[in-house]
Amino acid sequence: GVNPSLSEAVTVFKKAKHALVITGFFVLHQKGAEGPKGALGGCETDGPLGALAVLRALCARGVYVSLFCDVHNGPVVKKAYDT
């Protein structure tokens, strides 16, 4: 089984050579700007920033990191990454 403890998570991350970080979901609603593919709504706000914090921490430890998100959150994640 999986031991869902912080200690176990730290142990796993210390051994990691490659990590996959997935973030972002688009909240559909009637208000907001028109996003890609014409959807009305907005991107979540905390997930992309948290994902980038994890990405930077892992990269600082020499871990190769792949970051994936949906088409709506891509521009948000890129802007945050570039900042």
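Since this is a predicted model, take the numbers as computed values, not measurements.

The next subject is the pairing of strand β1 (residues 18-23). Here β1 shows a clear split, with A19, V21 and T23 buried on one side and none of H18, L20 and I22 buried on the other. Sheet topology places β1 next to strand β4 (residues 64-69); six bridges connect them, and they run parallel. From the neighbouring strand, A19 faces β4, where its bridge partner is V65.

Examined against the element boundaries, T23 turns out to sit in strand β1. For T23, a relative accessible area of 7% translates into the label buried. A polar contact of 3.1 Å, which involves the side chain of T23, links it to the backbone oxygen of G47. With sequence-adjacent residues up to four places away left out, T23 is seen in contact with E44, G47, P48, A51, L67, F68, C69, D70 and V77.

Next up on the list: the side chain of S66. Looking at where S66 falls in the secondary structure, it is placed in strand β4. Discounting residues that sit within four places of it in the chain, S66 has contacts with H18, A19, L20 and V21.

Right, let's talk about the environment of L67 for a bit. Structurally, L67 can be placed in strand β4. Classification of L67 as partly exposed rests on a relative accessible area of 26%. Each C-alpha atom, one on L67 and one on I22, is 5.9 Å from the other, the two residues being 45 residues apart in sequence. Ignoring any residue separated from it by four or fewer positions in sequence, one finds L67 in contact with V21, T23, A51, L52, L55 and V77.

Each value, and the rule that gives it
- Residues numbered from 1 in each chain as written.
- Predicted model: local features only at pLDDT ≥ 70, side-chain atom pairs only at ≥ 80, totals over all residues.
- Heavy atoms only, no water.
- Buried < 20%, exposed > 50% of the residue type's maximum accessible area, 1.4 Å probe, protein only.
- Helix = DSSP H or I, 4+ residues; strand = E, 2+ residues; numbered from the N terminus.
- Pairing = 2+ DSSP bridges.
- Polar contact = N/O pair within 3.5 Å; in protein donor to acceptor, adjacent residues only side chain to side chain.
- Contact = heavy atoms within 4.5 Å.

These values are about where atoms sit, not about what they do.
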